[in-house]
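Analysis of the macromolecular model
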Amino acid sequence: MNVLEINNLTKCYKKHIPVLQNMSLTIPAGRIVGLLGPNGCGKSTLIKLVCGILQPNSGEILVDGNPVGEKSKAVISYLPERTYFNSQMRVVELLDYFEDFYKDFDRDRALTLLHDLKIDPDHKLKTLSKGTKEKVQLILVMSRDAKLYLLDEPIAGVDPAAREYILSTIVSNYNPEASIIITTHLITDVEQVLDDFYFLGYGGKILKSGNAEEARNESGKSLDMLFREEFRC
């Protein structure tokens, strides 16, 4: 079964200008997919529509065969672009919160990842750097046994030394029958873990897509190089 199906999706904001227009794509189970494009092309809007945070003007979204609603939200683990937790909370209190709120949360997995990244569960969020806060949030999201992980710029604020570990963590700590969608502009860092990719232009137009390895082999170029060619000023 496809984890995500999007058919003729359109979303408009002010002045009825479409951010996404008649977009269609399908993501099967067991894939790590890069949603790549310039700022303002609708990447985050698409993620929020799939989560049910925003409502489309028209079109259809199916998650694990279900329309956006209670059933779809139960199988999605979402990492927003910005941290949203109460800065007065300790990390261990966030573990309690996730364990209480999500039946599929694996506390032992989260504790192991915190230990590997040398993050003290007793520290308050307000004492942590921006990058460390993002690591905590990513750990919480990836410690769920979801069917669809939506990661909006998961390594944007993380120091380069930690990126490799975090990306390997993404690959090794999710259900292989699930799929992951990653939005990012740091293509060089993330393309090593991608199975498939979509280059999105303005209006949510899919300019190029396919299997990441096949695209590299056929062109002799990295995804980052292909991206720069597609979006050359």
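To be clear, the structure that these remarks concern was listed above.
Residues numbered from 1 in each chain as written. Predicted model: local features only at pLDDT ≥ 70, side-chain atom pairs only at ≥ 80, totals over all residues. Heavy atoms only, no water.

1. Some points on the overall build of the chain
For clarity, the cut-off: Every helix listed is a DSSP run of H or I at least four residues long, and every strand listed is a run of E at least two residues long, numbered separately from the N terminus. We compute the radius of gyration over the C-alpha atoms and compare it with the globule rule, which gives 2.2 Å times the number of residues raised to the power 0.38. Burial classes: relative accessible area under 20% of the type maximum marks a residue as buried, over 50% as exposed, and values in between as partly exposed (1.4 Å probe, protein chains only). Two residues form a contact once any of their heavy atoms are found within 4.5 Å. The Shrake-Rupley method, run with a 1.4 Å probe sphere, supplies the accessible areas, and residue values consider only the shown protein chains as cover.
Secondary structure summary: the chain contains 9 helices and 10 strands in total. Relative to its length of 233 residues, the chain is compact, with a C-alpha radius of gyration of 18 Å against a globular reference of 17 Å. Each principal axis of the C-alpha distribution contributes one length, and for the chain these read about 45 × 40 × 35 Å. Residues counted as buried form 48% of the 233 residues belonging to the chain. Partitioning the contacts of the chain with sequence separation of at least 6, the portion at a separation of at least 24 is 68%. Accessible area for the chain stands at about 11700 Å²; split by element, carbon and sulfur atoms hold 48% of it.

2. What to know about the nonpolar core
Here is a general trend for soluble globular proteins: nonpolar side chains tend to be buried in one another's company. Short version of the rule: Among buried residues, the Ala, Val, Leu, Ile, Met, Phe, Trp, Tyr and Cys ones that are joined through side-chain atoms within 4.5 Å form a nonpolar core.
Core analysis: the largest hydrophobic core is formed by 30 residues, its most contacted members being Met142, Tyr149, Leu151, Ile180, Ile182, Leu194 and Leu223. Among the nonpolar cores identified, the runner-up in size contains 26 residues, and Leu20, Ile27, Ile47 and Leu200 belong to it.

3. Some words on helix H3 (residues 91–101)
The cut-off we apply is this: Our arc is simply the arc of the directions from the helix axis toward the C-beta atoms.
By the burial criterion, the buried members of H3 are Val91, Val92, Leu94, Leu95 and Phe98. Down the axis, H3 shows its buried residues gathered within 155° of arc, on one side only. In H3, the exposed residues that point more than 90 degrees away from the buried face are Asp100 and Phe101. Looking at the buried side of H3, the elements it contacts are helix H4 (107–116) and helix H5 (130–142).

4. Structural notes on the pairing of strand S2 (residues 18–28)
For clarity, the threshold we go by: A pair of strands is labelled paired if DSSP reports no fewer than 2 bridges between them.
Across 7 bridges, the pairing between strand S1 (residues 2–12) and S2 is antiparallel. In the strand pairing of S2, Cys12 is matched with Pro18. Here S1 hands over to S2 after 5 residues, with Lys15 in that stretch at a positive phi of 60°.

5. Concerning the side chain of Lys11
Quick note on the threshold: Positive residues here are Lys and Arg, negative ones are Asp and Glu, while His and the chain termini are left out of the count. Put simply, a salt bridge is a Lys or Arg side-chain nitrogen that is within 4 Å of an Asp or Glu carboxyl oxygen. Here a polar contact is recorded for every N or O atom pair within 3.5 Å, except that within protein the pair must consist of a potential hydrogen donor and a potential acceptor, and residues adjacent in sequence are included only if both atoms are side-chain atoms.
Looking at where Lys11 falls in the secondary structure, it is placed in strand S1. The buried charged residue Lys11 lacks any salt bridge partner; its closest oppositely charged side chain belongs to Asp152, at an N-O distance of 15 Å. Polar contacts involving the side chain of Lys11 include one to the main-chain carbonyl oxygen of Gln55, which spans 2.9 Å. With sequence-adjacent residues up to four places away left out, Lys11 is seen in contact with Ile17, Pro18, Val19, Leu20, Thr45, Leu49, Gln55, Pro56 and Asn57.

6. Notes on the side chain of Ser143
Tracing the sequence through the fold places Ser143 in the loop between H5 and strand S7 (148–152). Looking at Ser143, its side chain comes within polar contact range of the main-chain nitrogen of Ala110, at 3.4 Å. At 2.7 Å, the side chain of Ser143 forms a polar contact with the backbone oxygen of Ile139. With residues near it in sequence (within four places) discarded, Ser143 still touches Asp104, Phe105, Asp106, Arg109, Ala110 and Leu113.

Structural measurements only, silent on function.
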